[in-house]
Amino acid sequence: MGWGLNVDLPSNPTDKGDLWSDQTGSPSLPKSLCFRLRISDRREASGYIWLKQKKTKFKKKKSSINCRCLACFRSGKYRKSILKQISNFSTYSNLTVVLLWVVVAVLVFYIRHMNTEVQVFDPFSILGLEAGASESEIKKAYRKLSVLYHPDKNPDPDAHKYFVNSISKAYQALTDPVSRENYEKYGHPDGRQGLQMGIALPQFLLHIDGTSGGILLLGIVGVCIILPLTIAAIYLSRSSKYTGNYVMHHTMYAYYHFMKPSLAPSKVMEVFMRAAEYMEIPVRRTDEESLQKLFMLVRSELNLDLRNIRQEQAKFWKQHPTLVKSELLLQAHLTRETATLSPHLQGDFRKMLSLAPRLLEELMKMAIIPRTQRGYGWLRPAIGVIELSQSIMQAVPLSAKKAAGGSSEGYGPFLQLPHFSESVVKKIARKKVRSFQELREMKSEERSELLTQVAGFSAEESQDVEWVLEMMPSIVVDVTCETEGEEGIQEGDIVTMQTWITLTRPNGLIRALPHSPFFPFDKEENFWLLLADSASNDVWMSQKINFMDEMAAITAASKAIQELKEGSGASAREMKVAVKEAIDKVKAGSRLVMAKFQAPSEGTYNLTSFCLCDSWIGCDAKSSIRLKVLKRSRAGTRTVTTTDEAPLPEDGGEDEDEEREEEYDDDYESEYSEDDDGDDARGGGVANGSANVDHDGSGSDASESD
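The rules behind these values
- Residue positions are given per chain, counting from 1 as you read along its sequence in written order.
- Under the rules for a predicted model, residues below a pLDDT of 70 receive no local features and side-chain atom pairs below 80 are neither given nor counted, while totals for whole chains, interfaces and linings still include all residues.
- Water and hydrogen atoms were dropped before computing side-chain values, which therefore reflect all heavy atoms in the structure.
- Secondary structure elements are defined from DSSP: runs of H or I of at least 4 residues count as helices, runs of E of at least 2 residues count as strands, and each element is numbered from the N terminus.
- Each polar contact in these results corresponds to two N or O atoms within 3.5 Å; when the atoms are within protein, one needs to be able to donate a hydrogen and the other to accept it, and residues that are neighboring in sequence are counted only if both atoms are side-chain atoms.
- Contacts between residues were defined by any pair of non-hydrogen atoms, one from each residue, lying within 4.5 Å.
- Only buried residues count toward a nonpolar core. Its members are Ala, Val, Leu, Ile, Met, Phe, Trp, Tyr and Cys residues joined through side-chain atoms within 4.5 Å.
- When a residue's accessible area, from a 1.4 Å probe over protein chains only, is under 20% of the maximum for its type it is buried; when over 50% it is exposed; and in between it is partly exposed.
- Grouping into patches uses exposed residues only, defined as over 30% relative accessible area, and leaves out salt-bridged ones; the cut-off is 9 Å for like charges and 5 Å for nonpolar side chains (Val, Leu, Ile, Met, Phe, Trp, Tyr).
- Only the protein chains shown count as cover for residues, with accessible areas throughout obtained via the Shrake-Rupley method and a probe of 1.4 Å.
- What makes a salt bridge here is a side-chain nitrogen of Lys or Arg within 4 Å of a carboxyl oxygen of Asp or Glu, nothing more.
- We score Asp and Glu as negative and Lys and Arg as positive, and we do not count His or the chain ends.
- For charged residues, the charge sits on one atom: NZ in Lys, CZ in Arg, CG in Asp, CD in Glu.
- If DSSP finds at least two bridges between two strands, the strands pair.
- All axes are obtained by fitting lines to C-alpha atoms, using only the stretch in contact for helices, and the reported angles, taken between N-to-C directions, cover 0 to 180 degrees.
- Sulfur atoms of two cysteines make up a disulfide when they are within 2.5 Å.
- In this scheme, a helix's expected span is set at 1.5 Å multiplied by one less than its residue total.
- One axis is fitted to the seven residues ending at the residue and one to the seven starting there. The bend at that residue is the angle between these axes.
- Per-residue confidence from the predictor is reported as pLDDT, which spans 0 to 100.
- Arc definition: directions from the helix axis to the C-beta atoms.

Below, the discussion takes up the side chain of Glu 466. Structurally, Glu 466 is set in helix 22 (residues 459-471). At a separation of 2.9 Å, a polar atom in the side chain of Glu 466 contacts the side chain of Arg 447. Discounting residues that sit within four places of it in the chain, Glu 466 has contacts with Ser 444, Arg 447 and Ser 448.

In this section: the nonpolar core. Within the largest apolar cluster, 60 residues are counted, with the highest numbers of intra-cluster contacts made by Phe 420 and Leu 627. Counting residues in hydrophobic clusters, the runner-up holds 58 residues, among them Leu 345, Phe 349, Leu 363 and Met 364.

Here the focus is a negative patch on the surface. Together, Asp 522, Glu 524, Asp 549 and Glu 550 line one region of the surface with negative charge. Structurally, the position occupied by Glu 524 is in the loop between strand 6 (494-504) and strand 7 (526-533). For Glu 524, a relative accessible area of 37% gives the class partly exposed.

The subject of this paragraph is a nonpolar patch on the surface. A cluster of nonpolar side chains, contributed by Leu 99, Val 103, Leu 107, Tyr 110 and Ile 111, occupies part of the molecular surface with about 480 Å² of accessible area. When its relative accessible area of 48% is taken as the criterion, Leu 107 is described as partly exposed.

Moving on, we get to the sheet that holds strand 3 (residues 377-378). Spatially, 3-8-7-10-11-5 is the arrangement adopted by the six strands of the open sheet, whose pairing is mixed. What marks the edges here is a single partner per strand, and that holds for strand 3 and strand 5 (489-490). Where strand 10 (residues 603-613) meets strand 11 (residues 621-630), nine bridges bridge the pair, whose relative direction is antiparallel. Of the residues in strand 11, the one forming a bridge with Gly 603 is Val 629. Set on the sheet, helix 16 (residues 343-368) makes contact with strand 3, strand 7 and strand 8 (538-546); between it and strand 7 the angle comes to about 15°.

Evaluation of the coordinates by the stated rule reveals zero disulfides. Cysteine Cys 72 shares no disulfide, and the gap to the nearest cysteine sulfur, in Cys 69, comes to 3.6 Å.

So, on to helix 6 (residues 157-175). With 19 residues, helix 6 ought to run about 27 Å at 1.5 Å a step, and its terminal C-alpha atoms sit 26 Å apart, in line with that. Along helix 6, the sharpest change in direction is near 40° and occurs at Phe 163. Packed against the buried residues of helix 6 are helix 4 (123-127), helix 5 (135-149) and helix 7 (177-186).

Turning to the confidence of the model for the chain, a few remarks are in order. For the chain, per-residue confidence averages 77 on the pLDDT scale, and 72% of positions sit at 70 or higher. Within the chain, strand 7 carries the highest mean pLDDT (95), whereas strand 13 (residues 699-700) carries the lowest (38). Low pLDDT (under 50) marks residues 634-693, which in the prediction has 148 contacts with non-local residues, meaning those over four places away or in another chain.

Within helix 10 (residues 249-258), the full set of buried residues consists of Thr 251, Met 252, Ala 254 and Tyr 255. Each buried residue of helix 10 sits inside an arc of 165° when the element is viewed along its axis, so together they form one side. Turned more than 90 degrees off the buried face of helix 10, the exposed positions are His 250, Tyr 253 and His 257.

Laid out in structure tokens, this is it:
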């Protein structure tokens, strides 16, 4: 008797149970499985099972670039309703395109159904005869049709027209010798027909009287002359008012005029509010009561002197009404007090935030634009602009970045996490977690236990924190400065700076939108690479980096590496290998920045490379680079001295740096940023050297080459 048995085996065949494998077989991929089956009456049946291996197909799961925390979900900016999608689509340009497509569809429909068939004159078919009919048959058919269509027999005008134009001409073409000769020779009884030319216009435009002719003339003038001139005038007026980034020219003038080398972040906000776009926001009488209440809520963030609070308040309200309104709305966003805004103020508030990203980008350009004689920008206002951008994206007040509770960075970075507040930061600080970096470096289990037991978070709230921390980027910067084809750097040389910036996230994504539940619009995270001298406040080089467009990064990296290898005289094989390595790096999450600058005069320069994120707080990176510039020899030869031959001044160099810092006023030091000069490592990259830094800003010493 045969038995049929179908068994779903467990993942581990050696588990205890009624079914177990023969230990003599291969445990990894057995072809058969021996078994013993216990019966209730203690009898046993033995046999074997042939195993069939199933091939499991793993599908790559698409990860969302949006944050999955509850705060971002409740913000609703990623859930777009049908009405919101229609409103986003209903722009002037989109509606114009749709209208033009409707016109094209109507014309296609009209042309398709218009009778364009060419009527060929065939007298036999008109008379209802076959070709080659006799004369008697022709006359008989003509008499028969005359009874039906002759004007004396049929008073219908259409019948009269058909009789004259078709039947009579067909009879004449077949009976009259001259007409028949013309028909046989030219295909028409009237002889040769001239070529007719026409315009592809509807018939109602070709048959016009005096009134419709004037209307047609006005239409042609309006469409062909007035409309193009109107569009050109609008375009020219708009282009003269706005820049290529849709920022007003008056805004650029104001930013350039008010930008100073010693601006603190609080002062950067005042310059930011000077935008012409914000000055055009209307101030209504109905807003006064709401603004008064808002002033009481954000008064602590306005940098007012509490000793003379009445005078400070009076001075604040004496400013331009638009500046007062804009600053109060922005402070309401930073302190997360926007729930009390009236509907009109809500509209103005959303307009301010929608303009903020591109205004901040232009403000950053005004900070790093060449100002000095050497063509350097200013570092301190540039850092202030990035800090302001981070605060606006995460809705964190600037005062939260002050050093407090034993942390030099303040509690500002913690506030970008969901469900965090100042009281939660104080609770976890009692467990020796005083910096944001310490919280990020904790294991997930330890962090979850800390948040649930110490901070009182629920499991869902703790999971929200984990999701946000998984979205936060970590940056590694690898910088190399060298002169092409030469050893060492002499004054006046063109120095090539090659920088690889690598981004990683715990969730494995490269492209992602930042967690910003209080910012109601989509905003890509951008990074600014700055090569600067912190002591002299000079920005030598700057570049904006984005990780969203991989194809553009591959194209730029391939072109830069190819040009670099061609300049160094590399072979085609070496060039191909280098380009392939660059493409692999870009696909793995790196971006290449190539920049060139002229070497300054002889000396040793302690530079710092900053990689600043405009969307996240606490994700910046910096590294120290020691650039040694040698004196150019008279004969033009390249003489290079080592560090032993030209030692760096220790005490004297620091004294010179302190003297250069004293040239700036007291407002030079950022009241919210930690001192950068104290963290710079004295070791670092030198001539033809490199430096590597990770997300926490610790630089590794670079090798020096002679």
